[in-house]
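If you want the building blocks of each chain, they are given just below.
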Amino acid sequence: MKREKTYYVYMLSNTSKMLYIGITNNLERRLREHREKVYEGFTKRYRLRDLVYFEEYSNPTSAIAREKQLKGWVRRKKIALIEKQNPTWKDLAKDWYI
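Draft legend 1. Quick look at the nonpolar core. Counting residues in hydrophobic clusters, the biggest one holds 13 residues, and the most contacted among them are M11, L70, L81 and I82. Broken down by secondary-structure element, the contributors of at least two residues to this core are β1 (7-13), β2 (19-24), β3 (50-57), α3 (60-72) and α4 (75-85). Here this core takes three residues from β1, the largest share from any one element. Once you skip the residues sitting within four places of it in the chain, M11 turns out to touch Y20, I21, D50, L51, V52, Y53, L70, L81 and I82.

Draft legend 2. Looking closely at the sheet that holds β2. Taken in spatial order, the three strands of this open sheet run β2-β1-β3, and their pairing is antiparallel. What marks the edges here is a single partner per strand, and that holds for β2 and β3. Strand after strand, the sheet turns through a mean of 20° between neighbouring axes, direction not considered. Across seven bridges, β1 lies against β3 in antiparallel orientation. Note on β3: the bridge partner recorded for L12 is L51. The strands that helix α1 (residues 27-35) touches are β1, β2 and β3; relative to β1, the one it contacts most, it runs at about 30°.

Draft legend 3. Local environment of the environment of K71. Considering the arrangement of structural elements, one finds K71 in helix α3. Among the residues examined, K71 registers a relative accessible area of 46% and is labelled partly exposed. Considered as a pair, K71 and T43 are 28 residues apart in the sequence and their alpha carbons are 15 Å apart. Excluding its chain neighbours within four sequence positions, the residues that come into contact with K71 are I21 and K78.

Procedures and definitions
Residues numbered from 1 in each chain as written. Predicted model: local features only at pLDDT ≥ 70, side-chain atom pairs only at ≥ 80, totals over all residues. Heavy atoms only, no water. Core = buried A, V, L, I, M, F, W, Y, C linked by side-chain atoms within 4.5 Å. Buried < 20%, exposed > 50% of the residue type's maximum accessible area, 1.4 Å probe, protein only. Helix = DSSP H or I, 4+ residues; strand = E, 2+ residues; numbered from the N terminus. Contact = heavy atoms within 4.5 Å. Pairing = 2+ DSSP bridges. Axes fitted to C-alpha atoms, helices over the stretch in contact; angles between N-to-C directions.

Bear in mind that shape data such as this cannot, by itself, settle questions of function.
So this is what it looks like as C-alpha coordinates:
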(Lines give C-alpha, C1' and ligand atoms only; values in the text may rest on other atoms or scores of the structure.)
Protein backbone atom coordinates (compact mmCIF):
# COMPACT_ATOMS: atom_id res chain seq x y z
CA MET A 1 0.00 0.00 0.00
CA LYS A 2 1.41 3.37 -1.05
CA ARG A 3 1.55 6.04 1.65
CA GLU A 4 0.09 9.43 0.76
CA LYS A 5 2.60 12.23 0.64
CA THR A 6 1.81 15.44 2.48
CA TYR A 7 2.63 18.89 1.13
CA TYR A 8 2.88 22.01 3.23
CA VAL A 9 2.38 25.68 2.51
CA TYR A 10 4.07 27.62 5.27
CA MET A 11 4.87 31.13 6.44
CA LEU A 12 8.04 32.15 8.21
CA SER A 13 8.62 35.38 10.07
CA ASN A 14 11.25 37.20 12.09
CA THR A 15 11.25 39.71 14.95
CA SER A 16 10.19 42.46 12.51
CA LYS A 17 7.24 40.36 11.31
CA MET A 18 8.60 40.19 7.79
CA LEU A 19 6.98 37.29 5.92
CA TYR A 20 8.11 34.48 3.65
CA ILE A 21 5.73 31.97 2.04
CA GLY A 22 7.00 28.62 0.84
CA ILE A 23 6.00 25.09 -0.05
CA THR A 24 7.60 21.75 0.81
CA ASN A 25 6.88 18.05 1.15
CA ASN A 26 8.96 17.80 4.34
CA LEU A 27 8.32 20.65 6.74
CA GLU A 28 10.83 19.61 9.40
CA ARG A 29 13.66 19.27 6.89
CA ARG A 30 12.81 22.56 5.21
CA LEU A 31 12.69 24.44 8.52
CA ARG A 32 16.06 22.98 9.46
CA GLU A 33 17.46 24.24 6.15
CA HIS A 34 16.07 27.72 6.80
CA ARG A 35 17.39 27.80 10.37
CA GLU A 36 20.82 26.51 9.43
CA LYS A 37 20.94 28.99 6.54
CA VAL A 38 21.76 26.23 4.06
CA TYR A 39 20.77 28.27 0.99
CA GLU A 40 21.45 31.86 0.02
CA GLY A 41 18.39 34.02 -0.40
CA PHE A 42 15.62 36.00 1.22
CA THR A 43 15.15 33.87 4.34
CA LYS A 44 18.87 33.83 5.11
CA ARG A 45 19.35 37.54 4.44
CA TYR A 46 16.44 38.59 6.68
CA ARG A 47 16.75 35.80 9.28
CA LEU A 48 13.27 34.43 8.69
CA ARG A 49 13.16 31.33 10.86
CA ASP A 50 9.96 31.29 12.94
CA LEU A 51 7.17 29.09 11.62
CA VAL A 52 4.06 31.20 12.23
CA TYR A 53 1.56 29.44 9.95
CA PHE A 54 1.19 26.30 7.85
CA GLU A 55 -1.41 24.27 5.98
CA GLU A 56 -1.31 20.63 4.85
CA TYR A 57 -2.32 19.28 1.45
CA SER A 58 -2.47 15.77 0.04
CA ASN A 59 -1.49 16.75 -3.49
CA PRO A 60 1.11 19.13 -4.89
CA THR A 61 -1.24 20.88 -7.30
CA SER A 62 -3.48 22.14 -4.50
CA ALA A 63 -0.48 23.21 -2.41
CA ILE A 64 1.10 25.12 -5.29
CA ALA A 65 -2.21 26.84 -6.07
CA ARG A 66 -2.59 27.89 -2.42
CA GLU A 67 1.00 29.16 -2.23
CA LYS A 68 0.41 31.32 -5.31
CA GLN A 69 -2.88 32.56 -3.87
CA LEU A 70 -1.28 33.57 -0.56
CA LYS A 71 1.63 35.27 -2.30
CA GLY A 72 -0.90 37.34 -4.23
CA TRP A 73 -2.62 38.59 -1.10
CA VAL A 74 -1.95 42.00 0.40
CA ARG A 75 0.07 41.96 3.62
CA ARG A 76 -2.93 42.89 5.79
CA LYS A 77 -4.80 39.78 4.62
CA LYS A 78 -1.80 37.51 5.29
CA ILE A 79 -1.47 38.94 8.79
CA ALA A 80 -5.18 38.38 9.47
CA LEU A 81 -4.82 34.73 8.40
CA ILE A 82 -1.83 34.21 10.70
CA GLU A 83 -3.45 35.96 13.65
CA LYS A 84 -6.65 33.93 13.33
CA GLN A 85 -4.65 30.75 14.05
CA ASN A 86 -1.63 32.17 15.86
CA PRO A 87 -2.50 35.54 17.47
CA THR A 88 0.81 35.85 19.36
CA TRP A 89 2.98 34.94 16.35
CA LYS A 90 4.67 32.20 18.37
CA ASP A 91 7.07 29.88 16.59
CA LEU A 92 4.92 26.81 15.96
CA ALA A 93 8.04 24.66 15.57
CA LYS A 94 9.79 25.92 18.69
CA ASP A 95 9.51 22.58 20.45
CA TRP A 96 10.23 20.40 17.44
CA TYR A 97 13.46 18.49 17.55
CA ILE A 98 14.89 19.91 14.37
